[in-house]
Each structure stands twice: as structure tokens, then as C-alpha cells.
Amino acid sequence: MLSSLGSAGGKSAKPSFVSYVTPEEIKSEKEPSRKEKHPDLLPGEVVFCSASTVLKYTQDDLSQRGVFGVLLCTNFRVSFVSDEAPTEEMLFKNKLYGENDIPLSCVDNIYGDKRKLITGGLVKNKYPSKMIIHCKDLRVFQFSLSFSKEEDAKKIFQGIVHHCLEPKSLRCLFAFSYCENTSYPGSYSYCREHLVSSRSLGFLLFPVYFIVPKNVSDEDLTKYQGKGLPMWCWSHHSGCALFKTASIPLVQEDNVPQTYMEKMLTAVAHNHLYSVKTEDLSDTLPTVQDILLSYNRFKQFFLIDNTTEFWMSDMKWFSSLDNCGWLDIIRQCLQKAVEVVESLEKENTNVLIMEEGGSDLCCVVSSLVQLMLDPYYRTLLGFQSLVQKEWVAGGHAFLDRSNHLHLKDKVESPVFLLFLECVWQLQQQHGPAFQFSETYLTVLSDSIHVPVFTTFLFNNDGHRDSLLRAESPHTQRSPLNCPTVWDWSVQFDCKAQDLFTNPLYTEKPKQDTSVRKSYRPRHLRQLSLPSSAFKTPPKKGFFKDEADNLKKILGVKRLSRWMLSPSSDSPQTSSSVREFYEAWQTKPLDYHGLLLPCLDGPSIRVWMQRYLRWIHDVQILGGGPVAMLSKVSEILGEVQELQRQLDRHGCTLTSNHKGARPRAKTAAAVIAARSSVRLSSSFPFVTSRNWSFKPAIPTSLLQSLMVTGMAGNLADREDDGGPESLV
Amino acid sequence: MARAVFSSPNAAAAANILVNFAVLHIATWSRKSQFNSALMCFRTAAASRESLKMEPLAVTLLPGEERVIDKDIMYICPFSGPVKGKVFITNYRLYFKSDPSVTLNVPLGAIGRVEKMGGASSRGENSYGLDITCKDMRNLRFALKQEGHSRRDIFDILFRYAFPLSHGLLLFAYLSQEKYEENGWSVYKPMEEFRRQGLPTDKWRITFINDNYELCDTYPTILVVPFKATEEDLRKVSTFRSRGRIPVLSWIHRENQAVICRCSQPLVGMSGKRNKDDERYLEVIREANGTAKLTIYDARPSVNAVANKATGGGYEGDDTYQNAELVFLDIHNIHVMRESLKKLKDIVYPNVEESHWLSSLESTHWLEHIKLVLSGAIQVADKISGGNSVVVHCSDGWDRTAQLTSLAMLMLDSHYRTLRGFQVLLEKEWISFGHKFASRIGHGDKNHADQDRSPIFVQFIDCVWQMTKQFPTAFEFNERLLMTILDHLFSCRFGTFLYNCESARDTNEVRSKTVSLWSLVNSDSTSYLNPFYTPESSRVLYPVASMRHLELWVTYYIRWNPRIRQQQQSPVEQRYMELLALRDEYLKKLEELQLTDSSPNSSHLSNSSASNAASPTQHINHLHTPF
């Protein structure tokens, strides 16, 4: 049986789980399986405990209705298997876990009777009759254990609490047993492009993917003692560049940092006389603790286990939202990114962003800056390499920040989610500029909590490398191969993956570039990479003319090169950002050019798809943006079909058609969905097949409607203003 | 910056006006001379003719529109600072133009208030001038030179022409000479609409009892009432309903025969009067389709309903109306709505409130009121779908009642979601049933503080917009139609929204002397169509009335702010139209190829492509079948 493991080699057919578990595991599993159902286990997945006749409440609460089934806890998930016949296949099915499965790392909080928060370690011999599980992907499950055998109930409750809430070692994460038992094809190389292009440009490349100039000696580097080394992020076509660093002292006698930075600038900037603006992010942006605090308050609005409470809170929705501050944090990050963009684009200064550790908000801001300036990063492949470059290789401590291991001394914080939120804001303001869809971002945010992907399991490349090597079953040979999140086929089949592309996106129309380039500089990929071969004078910026640049080149003295940015609290900065935005806004919008977000109150919004998708009462049946997008996809499908027809006739189409040869394959999937299922605002996450079409009628309207002040007196008056009708 | 708020009239007429100016002028002059102000008119008209020679106007005047005064002025733009330019005032609009492309185009009807700002001795730059408050969510400030009473003439003229009814002048709708291919007055024919609904039936009949507005002066002439109720019954019931607005049918469900009836409050009073006729009348409505319990939706908060007893009104008590259940929908009155919109304006104009935007938005309560109106309508629609008849009223049954019945009808009946159907809905539930447009908007009236004014209709259009947002493929019309309706709600260019009720419209000969807004819309209907429209005839639309899904209609309320990108087309729409064009092009190409190839298998395709030449809004599904 096990021989198939060796021979399979590639990832041909998906192997059945039996082939990959040791004989004793098979034994322990088989016993319950005779009388109980269990989910299709993944390779390396082991059932820890289970209980039968568990009642899972359906989401419309109070009715206390539900379905009976088996609740299991494995080394990967908490899983509920209904006694009833399985429902129809979902279109958007995750291959790793189903709608009634919760990956262990996805469990956020567990509540017992009377909504008492359960914490690890305190569970003794008791168990609650009702268990509520809040998930990090915002699902809510409610189980009743009171119908199960006491022994089973106790075991499953303690098992779930133990495996979901208590500290564990990294090796216990499912990825390791999963990867040992799958033969995953070679590791994914993300930044081939960067490697190739930078190697030729006079940089040394460190094994953990960061770039320093060739002329920096090892002694220079060792003075940093592994901390706070400024890293090059991105070069603007004008020649200035963006760097990030962990906090370093800037003013110093015989300052090493500056020497290094000078060398770096010499290597990177086309014109190394440009000044350097430093931005200390910790001065102006919230801390990781603030971010966590705010998010924890924010997410509560969507973790609904009681519709009455939900409707009660509806009237105060806007102020609650305001008070939790989450949208404001998003706005601040975007604003900071716009400030940096302004420095690069308008002022043509180099920018060094810094922060203690250099791998949280630095990652957020630097990736947002690149997303705004460089259309490449708005493609599927580009976004992926941006995340790999800035976050994974950039050393964002995914493991600590998601705190999969429940260790007390680690600072948990949804920094990466915050970044995705910011991207979503940009995307919903400028839809056609992005090749990926909203669904892609939502799925990506869910995947953080699926402990299978190497992408999100480690604190940095070194950490990843050493652990994967150590955990490899074949110590002499290659390190353990784990999938990255980018291999979407691990989670979704092709049809579902089609929903990741945005039907509104069109590739940049190919034009006679030689003519166009001469008068309108473009943010082309080639231009944005540092190039020593690129000797022409700096390109005209979006807002600058040549004369300005010359003045700067001649006028700036080396001494004045280091500028500390003015405190961003000053109204000056925000008004300057506003002017910058307004100047940009008056230009015709180029989806393949610079993209700035509108930061006004009404423009920063809640990511409805992610946060409202599981809440039954607010599904718009037959509506939502998908109703419109699916029509676009439909026509796109027809156009593509016609193109194929024309191709068959040997007709060559001129390439200047937008939409010609689009890579989007969204059409098929959505059309398939339309035919069988009513679309709703939570498409594709929930299909509305089984739902009643009864509208949700807000309860308790009167109590919560407060009309205050002057309006209060007016409220008593009659509709007609005449004095006779006054009450 | 300021968009032209209306589309240009048909080009031929526009060209004519300049050529025929003198002729038209004489024509309008003769009409004006009926009024005392004739002398004044003559003077200003003469002045305008003079200036016309001097400087051509950048905007095309409407037929019947005349220039009254031009003046060099400083516009204090809240977004880009003071700009020098020239203001032109006609009998229809205020038009401002400056060299660096700042233009304002404000129909005088949209002006709510004109005030002098500063005095001759005021210090400070630009402190002397005019302050104009508009009904369409903006304020305008103009500064003039302080010497020589420079603002006197412009203030006087603006005041006269912006508020013609207060000065014995005619509203512009009566001066307009616009001609359109379509006659908008024929859009709504009550008999036709009732026939479409399947009326009369053996339970419901059409009555002409109100032919001379004797039963109720604020109702239309044609009413649908229970078959069993005699004309005498109707008269008796009318004595017990506020302003004689008896329960009449608004809409009937084709399958289950459940009906929406509308009326005003019963005149219960402090003593708790009863009226056997009214009780029996509601019983007859209930029996018409065998509804077990008739639901009466009182749009008001119960407190207000109780308070109304003091002024002779009230609500249907449980004990007196045996087979009825009463539900209060907690929607506040016109005064609350007016203050709410005022607060909203404060936080969005000229600048959008920066700190704590969401809390500020919440404190206006505007979306909260929208939520209540929508959820009330959902309840009505839900009851009807369930086969139960309902009666809807508020106090007088012309504000909240109109909102609820028309929104419920929009949810229930897909016909009202078409371009023509929506016009019928407005004509029927709002215009013919006496929503007091003249009082609520204050057309041509200088009394800006009038307590009767209230943005009830704006609120209704906002509710419709919320529905189109939630169901982007369910409506045949687009956002532009809603904006156009709101613009001409104020503009006084069309007769559609003038006067309080049908009897007043008859007296003032609105239909014969003015043009209907629907003439404009239906003569250029393609620009009001939603390309994503997918007809689904039998579907009931239930919007989600949760604050989570309600959003501020930014493109309307904040449209004067240049930071809000005014897109002619949404990117989604643009992409869709591009793809439609591409599809047509490919189909044509393919057809050509197949003609030359004349391959036998392709005949199917060339057939289908022929039908595709149709307009993009007619969606054709045949292409799904694999070739």
C-alpha cells in the first residue's frame, strides 16, 4: 500500500487517505468508523476523539432547531458530520475543509453555557451543555452536547479545548504531518523575476532574499548584528527608491547606518543626490497591540449567535463601527502610503520607512506603496510576488502574529489582514485596476488560518528553512516540501479558482510604445527596477517637470540629504496629501498607472463579502454586486467563445481590443452557478438554495430609535405645520 | 464643477431659440403683461436683449427661457476659493462661468433662500454679496464690489425670479416652449393601469364618485373600492376619515387577490368615537379575498398616533375593529425628516466631515429613517405575498403612506421596475393621490422657513436608490433617472411635480399648459436605461433593511464635491458596454466569414447574429448554447 507513495511522485490523482496512515492509526480509526461516520480524512490526519448525537443548531437561533451528528476533533480540524444525508455539492468547495469543519487554528474563541468564555488549562471534569465556537473566518457554530454520552461529551469538549486553545509546539501543527504524508511537488519559487533581474544589476543577493548593494562589505553588514539593516523595496522610474528598516539611530558620529545607506543609495538611485526622507511609522501609525484591540472589537459585530441581538445593534451600527476604530486604522495606513507615494512620485525623494522590528507596518506601507505605483503588483502573479517579497521574505512574523501556538509571550495581531483590508479598499474604489477579485482576497484572508501552507507558518525565511529541514523524514535529503498558499489547487478546483479573477480587469492594451513612451512616462516594470545600465536622465514624474528636477539635483547638498519627515499630525501633511490626491484626481484615470485611494469618510467601507457572508439575515437574495458582475462574466464568456470561433476560421484579430484574449475564466463558473442556484450577496461562500425567501424584518425598531434634541419636539407634532395641528 | 443638471433639449429647438429670440420674446411678453409687474419685466427684458448682443451665452437656453441680467461677480467657491466670472440670470436659471472652467448651472427653482451677506461697510475681502441656499444640497456665495449698491439689482431680480409665485409671476413651466416627440402626460392613464392589474373584479369595482372632487378634494377622480360598498357607504366612511381620504385600493395581487389599500387616519378623537360604516367597510375589504385578519399598518410611531387623538385623529382600536390587527411602523413625521436632511447637509456640504464620519452620519438619523421606511414596506409586501390584505395609513395618508405603498408595490410588481412602470408608479401613488408637492417643496415660494416643507419624496427616491443598489439587475432604469427626477422635482421646468393634488392641477391646467417631465425622459429613454436589467417578472424583491447594507447616496448628496468622482458610467457598466460592442463586432465578423466559407454547419450561428444587432439592453441568451 505504501509503495504508492514513492511511485506517485507527482501529484497525479488525489490519493485516498488510507494509503498514508500508519497501520496503528488505521486500527484506531477503523473502530469508530464502523458505527460512526467521519469526514474524508486528509493525508496525515488523525482523529483524536469524537462524540455522537451532538446537536448542531441552525443559525436562526431561539428556535433551538438543528441537526444531529458526530462531532470529531482531529489533528487538523474540529469536524461535524451530520447524520442526515449530505447536502448537494457546493460550487465553491474547499478541498481541505468543508462547511462544517473548522481547522484548529481557525478557532478563535469557545464559549460555554451562559456565553462564558472558555480558556485553555481551566477545563477540569466539567463540560458545558452548549458550546459556541467563533471562528477566525467569522463563522459561528453552536453545538449542544447534552444528548451525547457523558463520557464522550467530556472527551470531545476537553479535546477541542486542548487542541484549539492551549499552547502547543510548532511541530504539532497539521502542516508537518500533512506534508510528510503527501508528495508535494518541488517548492514554489516566487521571485524568480526579482532574482534574475537584480542579479544583473550589481547587487549581492542574500540567501534569504534581500538585496544589498555589491559595494557593501561584510564588515559593514556585521555592524548591524542582524538587526535593522535597511532593505531596498522598490525603485521609482524617476530614480528614487523606497527602503525599509527596523529602527536605526540616524544621527551618530561616524555613523555606520548612513555609510551603508549612502552605498545603498549609490547603487539604487539613478541620481544619488536625491535626498532621503525618513518616516518613523511608529510615530504616526497604531501599534500592533492597537491593531489587535481594534480588530477584536470590530469582529464582534459579525460573530452573530443571536439574531435578536444583531438587530438590536443595527441602529447603533455606524457609531459602533466608528468607535472600534478599525476603519480609521485602515485609513491611516492608506494615508501613510499615499504620503510615501507623494514623496516618491511628486518630490522624487528617496524614502526610508522604519519601525521597531521593521516587519509589521513597514510591510503594510511598503506593499501598499508598490501596489499604488506599480500596476504589476495588481495582477495575480504580481500580488503574489509582492506578498512573498515584502511579507514572507521581508520577515513578517506570521507565526507569532497569528499565534497558532497560543503562546503567552507572543504578540498576536492581524497585521496581514489589515494589509488585505487596505488592498480591498483600493480594489473597491478602482475595480478594473486589479486582476484578482474580492473573492481572492477573502479566500487569502481565510487561508492564514489553515495550518497547511508554509507561507503563513513561520516567522521568517531562516525559521522556515531550519524547521522544514529538521522535520524532513529524509534527513539527508531535501527539506520537507510543503505547499504554499499560492498553490490554490490544494484548496480549490479549477472552476472555483476561476472566481479569483476579476472580470473587469483588462490587460494593458498594447500600443505602439515607442511613440507613446516619449511623451508619457509609464510605470513599466522595467523602469521600476533599479538599473545601472539605465543612464538616461530621470524620467519626468507625474507631477514634476524637468526643470524642477534639475534644480533639485544641483541644489541639494549632501548634508541636507537626511530629512526627518514632519510629524504627520500636523494639518500640513494631511492637506498636502489632499492636494496630491486632488491633483491626481483631475487627471484622467489610468488603471495601469498610479492609483490613489480616496480617504474621505464615505469612501472607506466595510468589506461586506468577508464580514457579512455568514449572516443569514443580511443576505441579499438574488442581489448584491455579484448580480452585475456575473452579467459581465457572461458576456465575457460569449466574447471568448466568439474569439475561439474566429480563430478557427483563421481570422487574426487586432490586438487593440480591450478584452481580447483576457485571461479571466470567470464566466463558466458563474454561469454554472446561476443556472442552479440563486445568487446572493454572499456569493460564492453561501448558496441560497435551501433558504426561505421570507424577508428579515428588523425586530425591536421602536426601542432603539432615538430622536434627540429639537427633533424630539418635532416628533410629537403633526405632519402639517399649521398651528391648529400642533399637538 | 457643477454639472449641467439636465440634459440639453432637442438640438433643433435649441438652435431655433437663438435665431427666433425676438419672436419668442414677444410671445412670452404678451403673457407676462397680465401682471402688475409688467413694467419691471419690460425693463429687464430689454436689458437682457442688449447684453445678448454683447456676449453670447455659453449655455443653450431652453425654448421660452430669457436672459434677465448679466453681471461680473465673484463666486466664493468652497472648494477652490474665490473665482471671478460672470453670472447670467434667466427666468429659468442662474448660470455662472469663469475662465478657469468653473461653471454653475442652477435652475432657479432649486433656490430655497436668497440673502444679502455683509453690508456696504463690511470689512474683509469678499464680505459683501449674496448668500444662496439651494434645495439640492448646496449653498452658493457670491461677492460683489462694495461701491454703488452693486448687488441691489441682482438681488431683486434673483428674488423675484426664484420665487415667482410670491411675486405674482408664473412658474417657468408655464413659460417653457419646449417640444418633445413623446407626450409625457399620456404615460399614466388610471383606467389602463387598473386594467393591467386585472381590475375590476367581482370583488372590486371602479367608481367615479369623486369625479368632481366632491368626496375628497385631494384624491384622484377614479377610485377602486370594494364591490360591496355602495356610493352611500363611501360617503359615510369619508366623514370618519381625515380629509375624506377613505380606504381605496392601490394594488391587487393577481394570484391571491390580496390588496394594498391606502387611506388617512380614522377620526377617533379623545372620546374614542366609533363609526359602524368605517368598521363594516374594512370588514368588506377583509372579506374580499377571505383574509382571516386584515392588517392595518399605521406608519406612525404609536406615541404619535395616540397624540393625534387630541386633534381629532387616532387609530383603529382593537376592540372596535374586530378582525383587524394594527401594526405601528414607527416612521417619524415630516418635521423630523426635514431636520434630519438638514443635519446631513451640514456634514457633507461643503466639506465631508472628517473626524468620526460614521458617528456624524449616524447622528443625522437619515439612514435610520430610510431603514424604517424600507422595513415598513417590506412588511407590507410580505403580508401581501402571504395572501393577506393590508390597509396602510399615517395621519393624512399622503406622505408616509405614499412611501410605504409605492415601495411595497415596487417590491411586489416588476412592472413598476421598468422605466415606464416607474413613471406610472409615481404618477399614481404620489401625484394623483395628493402628495403635497407644492407644500413640501415650496415651488416658487419665498417662505423658506415654511413648516410644511419636507424632503419626503427625496427620502422615497433614496429608498428606491437603496433598492437599485441591492438589486443592480432588477431595475430597467438607472441612477441617472433618479437624479433627473430629483433635479426636476425642484426645477419648475416641468409640470409633473407642481401643485398639491389633482384638483389643483385641473384648476391650473397643468396638463395643457406645461410639459411633463416624462416627455423629456421618454424622448431620450436610452440614457436612462440600466444595461444590466434582467427582467424577472414574478419575483418579489426584498431589500435588506439593515444598516449594514444601507449606504449614503454619495453621488447625489455629495455630488457638488469635486473629490467625489462623478462618473458618467460606473467602471462595471463601461466594461459591460465594451464587451457588448465587442460581441456584436465579432458576431458580424463571424457572419462575414461564414458567408464566404459557406460551411454548412454554421448556418445556426448566422441566424443568431442577426438578432444581435438589437440594442444592447435587450439581452439575448441564445449564445449560451455551445456552438
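Predicted model, so just to flag it, every value in this text is computed and none were measured.

Caption draft 1: Focus on the overall build of chain A. Counting its secondary structure elements, chain A contains 28 helices and 15 strands. Within the span of chain A, comprising 727 residues, buried residues form 59% of the whole. Taking as baseline every contact in chain A between residues at least 6 positions apart, the subset at least 24 positions apart corresponds to 74%. Of the accessible surface of chain A, which amounts to about 30200 Å², a share of 55% is contributed by carbon and sulfur atoms.

Caption draft 2: Quick look at the sheet that holds strand β5 (residues 107-111) of chain A. All names here are of chain A. Read from one edge of the open sheet, 8 strands run β4-β3-β2-β1-β8-β7-β5-β6, paired in antiparallel fashion. A strand with exactly one partner marks an edge of an open sheet, and here the two such strands are β4 (101-103) and β6 (117-118). Alignment of strand β3 (residues 77-82) against β4, held across 3 bridges, turns out to be antiparallel. Note that in β4 the partner of valine 78 across the bridge is isoleucine 102.

Caption draft 3: The arrangement of the pairing of strand β12 (residues 241-246) of chain A in detail. All names here are of chain A. The buried fraction of β12 is high, at 6 of 6 residues. The pairing of strand β11 (residues 231-235) with β12 spans 4 bridges and is classified as antiparallel. Within the sheet, the bridge partner assigned to methionine 231 lies in β12 and is lysine 244. Count of turn residues in the β11/β12 antiparallel hairpin: 5 residues, of which glycine 239 carries a positive phi of about 115°. Looking at chain direction, β12 and strand β14 (residues 350-355) are connected through 5 bridges and run parallel. Among the inter-strand pairings, alanine 246 is bridged to a residue of β14, identified as glutamate 355.

Caption draft 4: Representation of the nonpolar core. Of all hydrophobic cores here, the largest spans 260 residues; its most connected members are Leu368 of chain A together with Phe422 of chain B. Look past the residues within four positions of leucine 368 of chain A in its chain and what remains in contact with it is Cys333, Leu334, Ala337, Phe419, Cys422, Val423 and Leu426 of chain A. Val225, Leu234, Val259 and Leu282 of chain B belong to the second largest nonpolar core, which has 34 residues in total.

Caption draft 5: Representation of helix α7 (residues 276-288) of chain B within the structure. Residues and elements named next belong to chain B. Here α7 spans 18 Å end to end across 13 residues, near enough to the 18 Å set by a 1.5 Å rise per residue. Within α7, burial applies to Asp277, Asp278, Glu279, Tyr281, Leu282, Val284, Ile285, Arg286 and Ala288. Where α7 begins, one side-chain oxygen reaches toward the backbone nitrogen of aspartate 277, 2.8 Å away; that side chain belongs to asparagine 275. Two residues or fewer past α7, glycine 290 is found with a positive phi of approximately 70°.

Caption draft 6: Geometry of the pattern of salt bridges. Residues and elements named next belong to chain B. Inspection of every chain in the model, using the stated rule, returns 58 salt bridges over all chains. Its salt-bridge partner being aspartate 70, residue arginine 67 comes within 2.6 Å of it at the nearest N-O pair. One exposure class covers both arginine 67 and aspartate 70, and it is buried. In this structure, glutamate 279 and arginine 274 form a salt bridge, with 3.0 Å as the shortest nitrogen-oxygen distance. On the basis of relative accessible area, glutamate 279 is assigned to the buried category, the value being 11%. Shared partners join several salt bridges into a network, and the residues in it are Asp399, Lys436, Arg440 and Asp452.

Caption draft 7: Structural context of the confidence of the model for chain B. Residues and elements named next belong to chain B. For chain B, per-residue confidence averages 86 on the pLDDT scale, and 85% of positions sit at 70 or higher. Confidence, expressed as mean pLDDT per element, reaches its minimum in chain B at helix α2 (residues 21-32) with 36 and its maximum at helix α12 (residues 400-412) with 98. For the stretch residues 1-54, pLDDT sits under 50, and the model shows 85 contacts to residues farther than four places along the chain or on other chains. Counted against residues more than four places away or in other chains, residues 602-627, with its pLDDT under 50, gives 40 contacts.

Caption draft 8: Looking closely at the sheet that holds strand β3 (residues 93-97) of chain B. Residue and element names in this part refer to chain B. Strand order in the open sheet formed by 7 strands is β4-β3-β2-β1-β7-β6-β5, and the pairing between neighbours is antiparallel. Because the sheet does not close on itself, it has two edges, and the strands there are β4 (103-107) and β5 (111-117). Pairwise comparison of adjacent strand axes, ignoring direction, gives a mean angle of 30° for this sheet. One ladder, built from 4 bridges, connects strand β2 (residues 81-90) with β3; its direction is antiparallel. Across the sheet, residue phenylalanine 88 finds its bridge partner in β3, namely tyrosine 95. Across the sheet, helix α4 (residues 152-162) is in contact with β1 (67-77), β2, β3, β5 and β6 (129-134); its angle to β1 comes to roughly 110°.

Caption draft 9: Geometry of the environment of glycine 325 of chain A. Residues and elements named next belong to chain A. Structurally, the position occupied by glycine 325 is in the loop between α11 (317-324) and α12 (326-345). With a relative accessible area of 17%, glycine 325 lands in the buried category. Taking the C-alpha atoms as reference points, glycine 325 and isoleucine 291, separated by 34 residues in sequence, lie 9.0 Å from one another.

Caption draft 10: Up close: the packing of aromatic side chains. Following the criterion strictly, the structure yields 68 aromatic pairs over all chains and no others. For the pair phenylalanine 174 of chain A and tyrosine 178 of chain A, a centre-to-centre distance of 5.5 Å together with 40° between the ring planes defines the contact as tilted. A residue pair is termed a helical-turn pair when its members lie 3 or 4 positions apart in one helix, as phenylalanine 174 of chain A and tyrosine 178 of chain A do in helix α4 (residues 174-180) at 4 residues. An identical accessibility class is assigned to phenylalanine 174 of chain A and tyrosine 178 of chain A; each is buried. Above the face of the tyrosine 57 of chain A ring, lysine 130 of chain A is positioned so that its terminal group lies 4.8 Å from the ring centre. Geometry around tryptophan 560 of chain B places arginine 138 of chain B over its ring, the cationic atom sitting 3.6 Å from the centre.

Caption draft 11: Geometry of the UniProt feature "domain: Myotubularin phosphatase" (unreviewed entry) in chain B. The UniProt entry lists residues 184-557 of chain B under the feature "domain: Myotubularin phosphatase" (unreviewed entry), expressed in the numbering used here. Helix makes up 43% of residues 184-557 of chain B and strand 9%, whereas the separation of the span's terminal C-alpha atoms amounts to 28 Å.

Caption draft 12: Local environment of the UniProt feature "binding site: substrate" (unreviewed entry) in chain B. Residues and elements named next belong to chain B. Residues annotated by UniProt as "binding site: substrate" (unreviewed entry) correspond here to Asn333, Ile334, Cys394, Ser395, Asp396, Gly397, Trp398, Asp399 and Arg400. Over a stretch of 68 residues, the named residues converge on one spot in the fold, their C-alpha atoms separated by at most 12.2 Å. Tracing the sequence through the fold places serine 395 in the loop between β14 (390-393) and α12. Structurally, the position occupied by arginine 400 is in helix α12. A relative accessible area of 2% places arginine 400 in the buried class.

Caption draft 13: A look at the side chain of glutamate 390 of chain A. All names here are of chain A. Turning to its location among the elements, glutamate 390 is positioned in helix α14 (residues 380-392). Within the structure, glutamate 390 has its side chain in polar contact with the side chain of serine 366 (distance 2.7 Å). Each residue touching glutamate 390, except ones within four places of it in the same chain, is listed here: Cys233, Lys244, Cys363, Ser366, Ser367 and Gln370.

The rules behind each value
Residues numbered from 1 in each chain as written. Chains lettered and ligands numbered in written order. Predicted model: local features only at pLDDT ≥ 70, side-chain atom pairs only at ≥ 80, totals over all residues. Heavy atoms only, no water. Helix = DSSP H or I, 4+ residues; strand = E, 2+ residues; numbered from the N terminus. Buried < 20%, exposed > 50% of the residue type's maximum accessible area, 1.4 Å probe, protein only. Contact = heavy atoms within 4.5 Å. Areas by Shrake-Rupley, 256 points an atom, 1.4 Å probe, with all protein chains shown as cover. Pairing = 2+ DSSP bridges. Core = buried A, V, L, I, M, F, W, Y, C linked by side-chain atoms within 4.5 Å. Expected span 1.5 Å × (residues − 1). Polar contact = N/O pair within 3.5 Å; in protein donor to acceptor, adjacent residues only side chain to side chain. Salt bridge = Lys/Arg side-chain N within 4 Å of Asp/Glu carboxyl O. pLDDT = per-residue confidence, 0-100. Axes fitted to C-alpha atoms, helices over the stretch in contact; angles between N-to-C directions. Phe/Tyr/Trp six-rings, centres within 6.5 Å; stacked < 30°, edge-to-face > 60°. Lys NZ or Arg CZ within 6 Å of the ring centre and 35° of its normal. UniProt positions renumbered as here; feature names shortened; annotations may be inferred.

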